[in-house]
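Descriptive analysis of the structure
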Amino acid sequence: MSRITDLQKNLFGGTTSNARQFGMISTLVAIVLLFQIWTGGLTLTSGNLIAVVSQYSYILILAIGMLMVIVAGHIDLSVGSVAAFTGIVVAKAMQEYDLPWPLGIALGLLVGAAIGAWQGFWVAYIGVPAFIVTLAGMLLFRGGNQYIGNADTVPVPEGFRKIGAGFLPEVGPDTGYNNLTLLLGVAACAGVLWREWTARRTRREMRADLAPLWVTGIRLAVMFGVIVFATLRFAGGRIGTSLPISGIILIVLVLAYSHYTRNTIGGRHIYAVGGNARAAELSGVKLKRVNFLVMMNMSVLAALAGMIFVARSSASGPQDGLSWELDAIAAVFIGGAAVSGGLGTVSGSIVGGLVMALLNNGLQLEGVGSDMVQIIKGLVLLLAVAFDVYNKSQGRFSIIGALTRPFRRDDPAAPAPPAAPDSDADKAGIAG
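Residues numbered from 1 in each chain as written. Predicted model: local features only at pLDDT ≥ 70, side-chain atom pairs only at ≥ 80, totals over all residues. Heavy atoms only, no water.

A few words now on the packing of aromatic side chains. Aromatic ring pairs are defined here through the distance separating the ring centres and the angle between the ring planes. Here the structure, examined in full by the defined rule, presents 9 aromatic pairs. Taken together, a centroid distance of 4.5 Å and an interplanar angle of 35 degrees make the contact between Tyr 58 and Trp 324 tilted. Taken as a pair, Tyr 58 in helix H3 (residues 46–71) and Trp 324 in helix H14 (residues 324–334) lie far apart in primary sequence, 266 residues in all. Chaining the aromatic ring pairs together yields one cluster made of Trp 118, Phe 121, Trp 122, Tyr 125 and Phe 292. Over the aromatic face of Tyr 271 sits the side chain of Arg 268, whose NZ or CZ is 4.7 Å from the ring centroid. (Phe/Tyr/Trp six-rings, centres within 6.5 Å; stacked < 30°, edge-to-face > 60°. Helix = DSSP H or I, 4+ residues; strand = E, 2+ residues; numbered from the N terminus. Lys NZ or Arg CZ within 6 Å of the ring centre and 35° of its normal.)

Quick look at the structure:
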């Protein structure tokens, strides 16, 4: 195996790294470099990166939940309306009933769970397609937002705003950076090193193939470089700003859901249901419970995203959440999830969301109109899927091709091998 093949196979996650994953990461890097040059270096400034995380963290949170819904073979069109409805309920409760903001957050999560249970019941136990259920939910909860809020904006208290507009506080000696952000960067590097060491140790104990040490070294160097650069950027913002609180919430969710989907029975059941629901059910997977939980989880994350947006905006309004579901779905598909379900990763969806976020941000920095921004985002989504189709046509690995191959009739069946003669008469006939 050549060094290039070793590098491609093992650099970003072992044998599962393929052209599609490299393509998405390469697209993200290309977008960053393009806008860094185009904007005269504004894209990677501390202030802009902090603004990107603060402005788009709620979309990335939605993408995590949407990934699980899509992997299970469903779609959720109601997330924007659920976020808006939760936002107005929480804002009204804190304004009119003097509900403390921590209880307001708990109330919002309970509202999201109740909505998710409602929609999950129709999908899992009644059998109504998720597309129809969530389309109805989109209309229902959008109307509920406008009815409860009387189509007006409702402000939220200062303490509540910290989850959307707050930053890590300044503590410790004056180092010229935010010390807590620096500590998080050190912890991230230590976590990456520990994970790499434990992974190699586990594979060695299982007598599995190990990536060459030089590839591991390159992977660690790349990851350390990204972490150190991001840490210094976020820690080096103007006084009073650093890594946003919403960014910390996002990081915790990414780590938790990545572990859940990759390393737990419940997470693997979601992939099994999306890959082949009937086979999964026959294997003992509780199909209804899985479908119920993924829909409920999506609404809880939508409620959280809505509260973060309201906190950042300082008020809840009737236009909150418009088209959020489209951005979340686009992030998941750009990140490599399959339309038919069964394939996709949390990290891939975050990469897809970052592609959309940095594309939005870069175009806004250049003063491009919102009409052109929508056109370009649509083209990026189309090209992300077209890239997979191109790989298929070139004989490379294709997610879409792998999914649709069992349903195609244009592949000629392989000829059956001749049966071996099992009697002396048969052998005599063949000899004659």
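Relative orientation of the contacting elements H14 and helix H15 (residues 346–365) amounts to 120 degrees, with a least axis distance of 7 Å. Comparing the axis directions of H14 and H15 gives the class oblique. Of the two possible hands of crossing, H14 and H15 adopt the one that is right-handed. Residues Ala 330, Ala 331, Val 332 and Ile 334 of H14 touch H15, and the partners they reach there are Gly 348, Ser 349, Gly 352, Gly 353 and Met 356. Residue composition of the contact of H14 with H15, grouped by class: 5 nonpolar, 4 polar and no charged. (Axes fitted to C-alpha atoms, helices over the stretch in contact; angles between N-to-C directions. Parallel < 35°, antiparallel > 145°, perpendicular 65-115°, else oblique. Left-handed = near helix turned anticlockwise from the far one by under 90°. Contact = heavy atoms within 4.5 Å. Nonpolar A, V, L, I, M, F, W, Y, C, P; charged D, E, K, R; others polar.)

Moving on: the environment of Lys 288. Relative to the helices and strands, Lys 288 resides in helix H13 (residues 287–313). A relative accessible area of 47% means that Lys 288 is categorised as partly exposed. For the pair Lys 288 and Ala 124, spaced 164 residues apart in the sequence, the C-alpha separation amounts to 4.8 Å. Discounting residues that sit within four places of it in the chain, Lys 288 has contacts with Ala 124 and Tyr 125. (Buried < 20%, exposed > 50% of the residue type's maximum accessible area, 1.4 Å probe, protein only.)

For the rest of this paragraph, the subject is H13. With 27 residues, H13 ought to run about 39 Å at 1.5 Å a step, and its terminal C-alpha atoms sit 39 Å apart, in line with that. By the criterion of burial, H13 is predominantly enclosed, with 20 of the 27 residues buried. The first or second residue beyond H13 is Ser 314, which carries a positive phi of 70 degrees. (Expected span 1.5 Å × (residues − 1).)

We now examine the confidence of the model for the protein. Low-pLDDT portions of the prediction should not be read for the details of their coordinates. Scored by pLDDT, the protein comes out at a mean of 84, with 84% of its residues at no less than 70. The low-confidence segment residues 13–19, where pLDDT is below 50, has 11 contacts with residues more than four positions distant or belonging to other chains. (pLDDT = per-residue confidence, 0-100.)

With that settled, consider unusual backbone geometry. Most peptide bonds take the trans configuration, and most residues that are not glycine carry a negative phi. One non-glycine residue with positive phi stands out, namely Asn 150, at about 55 degrees. By the secondary structure assignment, Asn 150 is in the loop between helix H6 (130–149) and strand S1 (154–155). Its relative accessible area of 64% is what places Asn 150 among the exposed residues.

For the structure shown, the criterion picks out 5 salt bridges. Between Arg 161 and Glu 158 there is a salt bridge, and its shortest N-O distance comes to 3.3 Å. Of this pair, Arg 161 and Glu 158 are both found in helix H7 (residues 158–165), 3 residues apart, which corresponds to roughly one turn of the helix. A residue is classified by how much of its surface remains accessible, and Glu 158, at 53% relative accessible area, is exposed. (Salt bridge = Lys/Arg side-chain N within 4 Å of Asp/Glu carboxyl O.)

It is worth spelling out the nonpolar core at this point. Counting 68 residues, the largest nonpolar core has Leu 62, Ile 64, Met 66 and Phe 160 as the members making the most contacts within it. At 14 residues, H13 tops the list of elements feeding residues into this core. Counting 18 residues, the second largest nonpolar core, distinct from the first, contains Met 24, Ala 330, Leu 358 and Val 380. (Core = buried A, V, L, I, M, F, W, Y, C linked by side-chain atoms within 4.5 Å.)

Let us now look at a nonpolar patch on the surface. Taken together, the side chains of Trp 118, Phe 121, Trp 122, Tyr 125, Ile 126 and Leu 140 make up a nonpolar region of the molecular surface, amounting to roughly 610 Å² of accessible area. Of the residues forming the nonpolar patch, the biggest block, 5 residues, is contributed by helix H5 (residues 101–126). Inspection of the secondary structure puts Tyr 125 in helix H5. (Patch = residues over 30% accessible without salt bridge, like charges linked within 9 Å, V, L, I, M, F, W, Y side chains within 5 Å. Areas by Shrake-Rupley, 256 points an atom, 1.4 Å probe, with all protein chains shown as cover.)

Tracing the sequence through the fold places Asn 178 in the loop between H7 and helix H8 (179–205). Overall, the relative accessible area of 0% leaves Asn 178 in the buried class. A distance of 2.8 Å separates polar atoms of two side chains, one belonging to Asn 178 and the other to Thr 181. Contacts of Asn 178, omitting those with residues within four sequence positions, involve Leu 168, Pro 169, Glu 170, Ala 235 and Ser 242. (Polar contact = N/O pair within 3.5 Å; in protein donor to acceptor, adjacent residues only side chain to side chain.)

Moving on, we come to H3. Between the first and last C-alpha of H3 there are 35 Å, a value that for 26 residues agrees with the 38 Å anticipated at 1.5 Å per step. Approximately 55 degrees is the largest bend angle found in H3, and it occurs at Tyr 56. In terms of burial, H3 is largely enclosed, as 23 of its 26 residues are buried. Looking one or two places after H3, you find Gly 73, whose phi comes out positive at around 95 degrees. (Bend = angle between axes of the 7 residues up to and from the residue.)

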